[in-house]
Amino acid sequence: MTVYSLSKTNTHCGFTLLELLIAITVAVISFSVAVPSFASMIQSTRVKSTSLSLSNGLLVARNHAINSGTLVIVCHASDATQTKCSDQRNRNTNWRNGVIIFADRNANNELDTGDEIISKMTLNQDVAVVFNQNGRLRFFNDGSARSAGFYICHKTTTQQRHIRILHTGRTRTIEKMSRKQSQTCLNHTL
């Protein structure tokens, strides 16, 4: 027969001050290493999602031009309310206020009351979306467009995208830009 003793044992269930200081130091070092990487990852994700959103918008514009047989205009908004297109039509303009896609029923290249707004896109303010041509992007009733493109970048990440619009109106997204394209985009970041 086994007899068990019910006497108190003297065990400690805690940390010493030295163990606690070491644990806090390791946590602070880990945190300081992780935060910059996490911030860079967030900016890279913003560039990717802006690129995807814009590509999808361009696809919608092209499809609407083909299906409705009308001219579809893609322009940058004059301000954050996105009620009218900007009058600024210079080459390499940052479209930071957003994008308006509309069916230009009277083909005057302006957003009028009789025109149908197909889509409005709010863009991430931290990401530069630079249109590399003068004026606005137009999709004709056969889906074609002039060759143009958008440079998408952020000043704190190497993640960049170039959305290239072909004469057919189709788009190609390229993950690497030339040095000149990259510099053009970075010159227009906030």
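In this text the structure is predicted, and so the values were computed from the model without any measurement.

Criteria and thresholds
- Residues numbered from 1 in each chain as written.
- Predicted model: local features only at pLDDT ≥ 70, side-chain atom pairs only at ≥ 80, totals over all residues.
- Heavy atoms only, no water.
- Core = buried A, V, L, I, M, F, W, Y, C linked by side-chain atoms within 4.5 Å.
- Buried < 20%, exposed > 50% of the residue type's maximum accessible area, 1.4 Å probe, protein only.
- Helix = DSSP H or I, 4+ residues; strand = E, 2+ residues; numbered from the N terminus.
- Contact = heavy atoms within 4.5 Å.
- Lys, Arg positive; Asp, Glu negative; His and termini not counted.
- Salt bridge = Lys/Arg side-chain N within 4 Å of Asp/Glu carboxyl O.
- Patch = residues over 30% accessible without salt bridge, like charges linked within 9 Å, V, L, I, M, F, W, Y side chains within 5 Å.
- Areas by Shrake-Rupley, 256 points an atom, 1.4 Å probe, with all protein chains shown as cover.
- Arc of directions from axis to C-beta.
- Disulfide = S-S within 2.5 Å.

## As for the nonpolar core
- Residues Leu54, Leu58, Val74, Val99, Leu137, Phe139 and Phe150 are the most contacted members of the largest nonpolar core, which totals 23 residues.
- Breaking this core down by element, the ones donating at least two residues are helix H1 (17-68), strand E1 (72-76), strand E3 (99-103), strand E5 (128-131), strand E6 (137-139), strand E7 (148-153) and strand E8 (161-165).
- Sort the elements by how many residues they give to this core and H1 lands first, with five residues.
- With sequence-adjacent residues up to four places away left out, Val74 is seen in contact with Leu58, Ala61, Trp95, Val99, Ile100, Ile101, Arg136, Leu137 and Phe139.
- If you look at the next biggest cluster of nonpolar residues, it comprises eight residues, including Cys75, Cys85, Phe102 and Leu111.

## Focus on the side chain of Asp104
- Position of Asp104 relative to the elements: it lies in the loop between E3 and strand E4 (116-121).
- Of the side chains with opposite charge, Arg136 lies nearest to the buried Asp104, which makes no salt bridge, at 7.2 Å.
- Once residues within four sequence positions are removed from consideration, Asp104 is found in contact with Leu71, Ile73, Asn109, Glu110 and Asp115.

## Looking at a nonpolar patch on the surface
- On the surface, Phe15, Leu17, Leu20, Leu21, Ile24 and Val28 cluster together into a nonpolar patch covering about 660 Å² of accessible area.
- With respect to the helices and strands, Leu21 occurs in helix H1.
- A relative accessible area of 49% means that Leu21 is categorised as partly exposed.

## A look at helix H2 (residues 179-186)
- Looking only at H2, the buried set comprises Gln181, Ser182, Thr184 and Cys185. The buried residues of H2 occupy an angular sector of 160° when projected down its axis, which confines them to one face. Turned more than 90 degrees away from the buried face of H2, the exposed residues are Arg179 and Lys180.
- On the buried face of H2, the contacting elements are E5, E7 and E8.

## Some points on the state of the cysteines
- Using the criterion set out here, one finds two disulfides in the structure.
- In this model Cys153 forms its disulfide with Cys185; the gap between the sulfur atoms is 2.1 Å. Sign of the S-S torsion, about -105° for the bond between Cys153 and Cys185, identifies this disulfide as left-handed. On the criterion of sequence distance, the pair formed by Cys153 in strand E7 and Cys185 in helix H2 is long-range, its members being 32 residues apart. Accessibility classification places Cys153 together with Cys185 in one group, the buried group.
- Sequence-ordered numbering of the bonded cysteines in the protein gives a disulfide pattern of 1-2, 3-4.

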